[in-house]
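Overview (structure and organization)
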Amino acid sequence: MSVGIDEISFYTSNYYLDLRTLAEAQQTDPDKYYVGIGQEKMGMAAPDEDIVTMAANAAMPLLAEGAGERVTTLLFATETGIDQSKAAGVYVHRLLGLSSNCRVVELKQACYSATAALQMACALVARKPDSKVLVVASDVARYDLNTPGEATQGCGAVALMISAKPRLVEIDPEVGNYTEDVMDFWRPNYRATALVDGKYSTKIYLKSLKKAWENFRTVSALTFNDFGHFCYHLPFGRMAQKAHQYLAKLNKSALSPEQQEYQIEDTLLYNRAIGNSYTASMYIGLASLLENGKRSLAGERIGFFSYGSGCVAEFFSGKVVEGYERWLHRDRHRQLLDARQALSYDEYLQLYRYPDPRDGEHHDLPAVTTGRFRLAAISHHKREYVVC
Ligand code: CAA
């Protein structure tokens, strides 16, 4: 029985900073960002948006016409959690009106945890094929100002409905994993921004790709040439381009510029405009591929490389289902990106520095988001979410 991704939807904030604006403020050549790291814009969450509101906005379109009734589990992947104890997914469960018999849990391992959620979801559905599992991945990527990581910020959420006989991508059971205890990127509990050893992190990313691929090859009959496309974890577009060249070289494949373009460029389009969304980024890359492919991808195999700093990595594969085009949310996604507002550098700094109240008093938050869900207040240390 086939199991996999039945539907995919993403959400990002209505606000973005163009990296040209950042470059101008920093007196840097904009090509360092546009070409050097391969990014153009980065999403900035409004004061009344967070991982919960973005996740609910991403998932809502998948629950039309009673589709939520068969959802038995909601798995919430994030590395920018809002609570040390309560799963962010429990708020999403209420906002979406899911059944009180639906279990909810939050998963963490840097940018990798959405892939753990996807694999767990496939296993749950394989045991009970009439059920569905909702996987949501949601993150706000934040680095300190005036650090090399600053231009690789962003925010976004993705929702994947996992079912038997999926309409988009069948996920193969074979996976290759790699885990190593390293300090390339981390965020201690007392910090709002991540710490990163940037150059080291890019080296560990490539090492993990090699190791996960080698492990994958021991369990799967698929070779490099069996894949039509590759979705890589996307901290920034240039990382995926480098990773793909590296994987081709490991497999002694002479990758022409046309092949490189065909195999990965469509996966980069949405992320180039959103920035890093950590756990969500590879799956927003998948939506970008499926929705922007210049010809039908039906029957093609996709190779996925998921990477979470710290680190855990996984290479796995999937096959695009015949007729997948009918079930995409292409127009809504494009409208969402086209309707966004550019921020000036000062407006960006205001959002970046927006107070994060921790005193237990009542704080109303300004109604700014254009999304369906918002964080209306933080009161007595409780977050109050509303449907707009
Ligand atoms: N025109 C064109 N290209 C230019 C340029 C210009 N004017 N100026 C610089 N460049 C190029 C450089 O040559 C370089 O290219 P190569 O990588 O091909 O050599 C590229 O732009 C980047 O410039 P720098 O080497 O000067 O690098 P930097 O100091 O800006 O930092 C970074 C880059 C380390 C990746 C930094 O952005 C960072 O720390 N990012 C956050 C960490 C990260 O994303 N790591 C990725 C792996 S970890 C992971 O994947 C998990 C996760 O999500 C965080």
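Located above this text is the structure these notes cover.
We now turn to the structure provided with this report. (Residues numbered from 1 in each chain as written. Predicted model: local features only at pLDDT ≥ 70, side-chain atom pairs only at ≥ 80, totals over all residues. Heavy atoms only, no water.)

With that settled, the discussion passes to the overall build of the protein chain. Scanning the protein chain from terminus to terminus reveals eleven helices and 17 strands. The globule rule puts the C-alpha radius of gyration for 388 residues at 21 Å, and the 20 Å found for the protein chain is close to it. Overall, the protein chain is about 60 × 55 × 40 Å in size when its C-alpha atoms are taken along their principal axes. Scored against the burial criterion, the 388 residues of the protein chain give a buried share of 58%. (Helix = DSSP H or I, 4+ residues; strand = E, 2+ residues; numbered from the N terminus. Rg over C-alpha atoms; globule rule 2.2 N^0.38 Å. Buried < 20%, exposed > 50% of the residue type's maximum accessible area, 1.4 Å probe, protein only.)

If you trace the nine strands from one edge of the open sheet to the other, you get E5-E4-E6-E7-E1-E8-E13-E12-E11, paired in mixed fashion. The sheet is open, and its two borders are formed by strand E5 (103-107) and strand E11 (229-232), each paired with just one other strand. When strand polarity is set aside, the average angle formed by the axes of neighbouring strands in this sheet is 25°. Pairing between E11 and strand E12 (residues 301-308): four bridges, direction parallel. Note on E12: the bridge partner recorded for Cys231 is Phe304. The sheet strands contacting helix H5 (residues 113-127) are strand E1 (3-11), strand E4 (71-77), E5, strand E6 (132-141), strand E7 (154-164), strand E8 (169-179), E12 and strand E13 (312-320), and the helix crosses E6 at an angle near 175°. (Pairing = 2+ DSSP bridges. Axes fitted to C-alpha atoms, helices over the stretch in contact; angles between N-to-C directions. Contact = heavy atoms within 4.5 Å.)

Quick look at the site of the ligand now. Close to the ligand lie 24 residues, the nearest being Lys32, Lys199, Ser201, His233 and Lys242. Residue Lys32 places a side-chain N or O atom 2.8 Å away from an oxygen atom belonging to the ligand. Here a nitrogen atom of the ligand sits 2.8 Å away from a polar atom, N or O, in the side chain of Ser201. Burial of the ligand by the protein chains amounts to 73% of its free accessible area of 1,100 Å². (Near = heavy atom within 4 Å. Polar contact = N/O pair within 3.5 Å; in protein donor to acceptor, adjacent residues only side chain to side chain. Areas by Shrake-Rupley, 256 points an atom, 1.4 Å probe, with all protein chains shown as cover.)

Turning our attention to helix H11 (residues 345-352). Residues Tyr348, Leu349, Leu351 and Tyr352 constitute the buried set of H11. Mapping the buried residues of H11 onto a view down its axis gives an arc of 160°, with all of them on the same face. Exposed side chains of H11 directed beyond 90 degrees from the buried face belong to Asp346 and Gln350. Residues of H11 that are buried in the fold lie against strand E2 (15-18), helix H1 (19-26) and strand E3 (41-44). (Arc of directions from axis to C-beta.)

A separate point is the pattern of salt bridges. Tallying each qualifying case throughout the model produces 13 salt bridges. One salt bridge in this structure joins Arg383 and Asp50, with 2.9 Å as the shortest N-O distance. Highlighted residues: Arg383 in strand E17 (residues 382-387) and Asp50 in the loop between E3 and helix H3 (51-59), separated in sequence by 333 residues. Residue class for Asp50 comes out buried when judged on its relative accessible area of 6%. Linking Arg191 and Asp144 is a salt bridge whose minimum nitrogen-to-oxygen distance equals 3.0 Å. Residue Arg191 is found in the loop between strand E9 (185-186) and strand E10 (195-196), and its partner Asp144 is found in the loop between E6 and E7; the two are separated by 47 residues along the sequence. The class for Arg191 is partly exposed, based on a relative accessible area of 22%. Relative accessible area serves as the criterion here: at 31%, Asp144 is assigned to the partly exposed category. Via salt bridges that share partners, Asp6, Glu7, Lys132 and Arg167 belong to a single interconnected network. (Salt bridge = Lys/Arg side-chain N within 4 Å of Asp/Glu carboxyl O.)

Our next topic: the pairing of E4. Counting buried residues along E4, six of its seven residues qualify, which places the element largely inside the surrounding structure. Inspection of the sheet shows E4 paired to E5 by five bridges, in the parallel sense. Its bridge partner lying in E5, Ala77 is registered against Leu107.

With that settled, consider the environment of Ile274. Mapped onto the elements, Ile274 comes out in helix H8 (residues 257-274). Given a relative accessible area of 0%, Ile274 falls into the buried group. C-alpha separation for the pair Ile274 and Gln260, spaced 14 residues apart in sequence, amounts to 22 Å. Excluding anything up to four places from it in sequence, Ile274 contacts Phe10, Thr12, Lys41, Met42, Gly43, Gln153, Gly154, Cys155, Ile284, Leu337 and Arg340.

Time to look at the packing of helix H6 (residues 198-219) against helix H7 (residues 237-250). At a minimum axis separation of 10 Å, H6 and H7 run at an interaxial angle of 40°. In terms of their interaxial angle, H6 and H7 are classed as oblique. Helix-helix and strand crossings are classified by hand; for H6 and H7 the assignment is right-handed. Two secondary-structure elements touch here, H6 through Thr202, Tyr205, Leu206, Leu209, Lys210 and Trp213 and H7 through Met239, Lys242, Ala243, Tyr246, Leu247 and Leu250. Among the residues forming the contact of H6 with H7, the class breakdown is nine nonpolar, one polar and two charged. (Parallel < 35°, antiparallel > 145°, perpendicular 65-115°, else oblique. Left-handed = near helix turned anticlockwise from the far one by under 90°. Nonpolar A, V, L, I, M, F, W, Y, C, P; charged D, E, K, R; others polar.)

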